Amino acid sequence: MSEIPHLDCGQAAFFFDFDGVLAPIVDDPLGVSVSPIIRQGLRDIHNRAGGAVAIISGRELAQIDRFLAPLELPAAGIHGAERRRPDGRFEHDEIDAAILKHAGERVMAFTSRHEGTLAETKNASVAVHFRKRPDLEAAAQEFMRDLVAELGHGKLVSGKMVVELKFSDRTKGDAILHFMEADPFSGRRPVFFGDDITDEDGFQIVNSMDGISVKVGSGETRARYRLDDTSAVESWFTTVCRHPRGEASHNNLGRAS
């Protein structure tokens with residue numbers, strides 16, 4: 001495992017996906033928990049980086065806040081469709097409520113016919129989770145493709161044991177750019193930890209800005225470095241928060257291959 005350059009937290013802007021990075025992926029998306037080490041690490045990095053820390057997730061902001069409470073960080077939810085700016089202002093893309101309602105009803109009908117799957121309706125997307133039924137991945141993908149054709153609107157994104165229909169064109173890369181244009185993120189070197197296909201847009205943006213992109217877990221990626229799992233992320237937090245002068249020694253970060 002190769003070492004990447006030391007990172008001065010005072011000159012870096014940190015971005016973290018939630019599931020698979022800050023919290024392990026579990027069968028029930030509402031049953032996740034964030035370890036005390038991660039919570040304290042986020043607080044410490046937030047202080048050392050002058051507030052330049054944001055969560056970039058497919059979850060809604062309300063869920064992110066609930067799992068990280070009492071922390072309330074700048075964040076982008078639903079892949080960037082809703083955003084909380086560093087000054088606390090909330091922004092969101094306008095979504096056709098009738099289309100979203102119809103899509104949610106169709107997804108609920110699908111999951112009611114397939115035991116072990118879970119429907120989720122967000123403010124700008126609908127999703128089918130099949131973590132308990134990986135054998136139904138092909139059926140879920142086919143159903144969602146048919147739903148896109150039926151609606152004539154939206155874009156499918158696949159994640160870990162989930163397929164989601166987004167009604168916003170924004171990506172996690174767009175969300176990172178959005179934050180990098182504002183204080184206290186502006187002018188810093190971006191650092192992004194992600195684990196999923198939906199994080200690849202973020203890795204690409206961070207790489208284009210000479211930042212540090214870190215893939216958590218296995219699989220092909222645009223990220224330049226890799227951590228094995230959320231336990232390794234915990235270890236990284238412990239290291240970065242204890243290093244003097246806010247410099248992060250990334251000895252446990254390996255080159256992605």
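Residues numbered from 1 in each chain as written. Predicted model: local features only at pLDDT ≥ 70, side-chain atom pairs only at ≥ 80, totals over all residues. Heavy atoms only, no water.

A. Quick peek at the pattern of salt bridges. Under the definition given, this model contains 15 salt bridges. One salt bridge connects Glu91 with Arg85, and the closest N-O pair in it is separated by 3.5 Å. What emerges from the salt-bridge pattern is a single network uniting Arg83, Arg85, Asp87, Arg89, Glu91, Asp93 and Arg170. (Salt bridge = Lys/Arg side-chain N within 4 Å of Asp/Glu carboxyl O.)

B. Looking closely at the confidence of the model for the chain. Per-residue confidence for the chain gives a mean pLDDT of 89; residues scoring 70 or more make up 91%. The lowest-confidence element of the chain is strand 14 (residues 247-248), averaging 45 in pLDDT; the highest-confidence one is strand 3 (residues 53-56), averaging 98. This model gives residues 242-254 a pLDDT under 50, and the stretch forms 42 contacts once residues within four places in sequence are excluded. (pLDDT = per-residue confidence, 0-100. Helix = DSSP H or I, 4+ residues; strand = E, 2+ residues; numbered from the N terminus. Contact = heavy atoms within 4.5 Å.)

C. Highlighting the side chain of His79. Relative to the helices and strands, His79 resides in the loop between strand 4 (75-77) and strand 5 (82-84). A distance of 3.0 Å separates polar atoms of two side chains, one belonging to His79 and the other to Glu164. Discounting residues that sit within four places of it in the chain, His79 has contacts with Ser57, Gly58, Val157, Glu164, Lys166, Arg170, Thr171, Lys172 and Thr198. (Polar contact = N/O pair within 3.5 Å; in protein donor to acceptor, adjacent residues only side chain to side chain.)

D. Representation of the packing of aromatic side chains within the structure. The full count for this structure, using the stated rule, is 13 aromatic pairs. Relative to Phe185, the ring of Phe15 has its centre 5.4 Å away and its plane inclined at 20 degrees; by these criteria the two rings are stacked. Here Phe185 lies in the loop between helix 5 (172-180) and strand 11 (189-194) and Phe15 lies in strand 2 (residues 12-16), a separation of 170 residues in the sequence. The exposure class assigned to Phe15 is buried, which follows from its relative accessible area of 0%. In this structure Phe185 comes out as buried when scored by relative accessible area, which is 0%. Between Phe192 and Phe203, the aromatic rings sit 5.3 Å apart at their centres with planes inclined by 50 degrees, giving tilted as the arrangement. Placement of Phe192 in strand 11 and of Phe203 in helix 6 (residues 200-208) is noted, with a sequence separation of eleven residues between them. (Phe/Tyr/Trp six-rings, centres within 6.5 Å; stacked < 30°, edge-to-face > 60°. Buried < 20%, exposed > 50% of the residue type's maximum accessible area, 1.4 Å probe, protein only.)

E. Region of the structure containing the packing of helix 3 (residues 97-113) against helix 4 (residues 137-151). The geometry of helix 3 relative to helix 4 is characterised by a closest axis approach of 11 Å and an angle of 150 degrees between their N-to-C directions. Relative to helix 4, the element helix 3 is oriented roughly antiparallel. Crossing of helix 3 against helix 4: the hand is right-handed. Together, Ile99, His102, Ala103, Arg106, Val107 and Phe110 of helix 3 and Ala139, Ala140, Phe143, Met144, Leu147, Glu150 and Leu151 of helix 4 make up the contact between the two elements. Across the contact of helix 3 with helix 4, the residue classes break down as ten nonpolar, one polar and two charged. (Axes fitted to C-alpha atoms, helices over the stretch in contact; angles between N-to-C directions. Parallel < 35°, antiparallel > 145°, perpendicular 65-115°, else oblique. Left-handed = near helix turned anticlockwise from the far one by under 90°. Nonpolar A, V, L, I, M, F, W, Y, C, P; charged D, E, K, R; others polar.)

F. Inspection of helix 5 at higher detail. Of all the nine residues making up helix 5, seven are buried; the element is thus mostly covered by neighbouring parts of the structure. All buried positions along helix 5 are accounted for by Lys172, Gly173, Ala175, Ile176, His178, Phe179 and Met180. For helix 5, the side-chain oxygen to backbone nitrogen distance between the N-cap and Gly173 is 3.2 Å, and the N-cap itself is Thr171.

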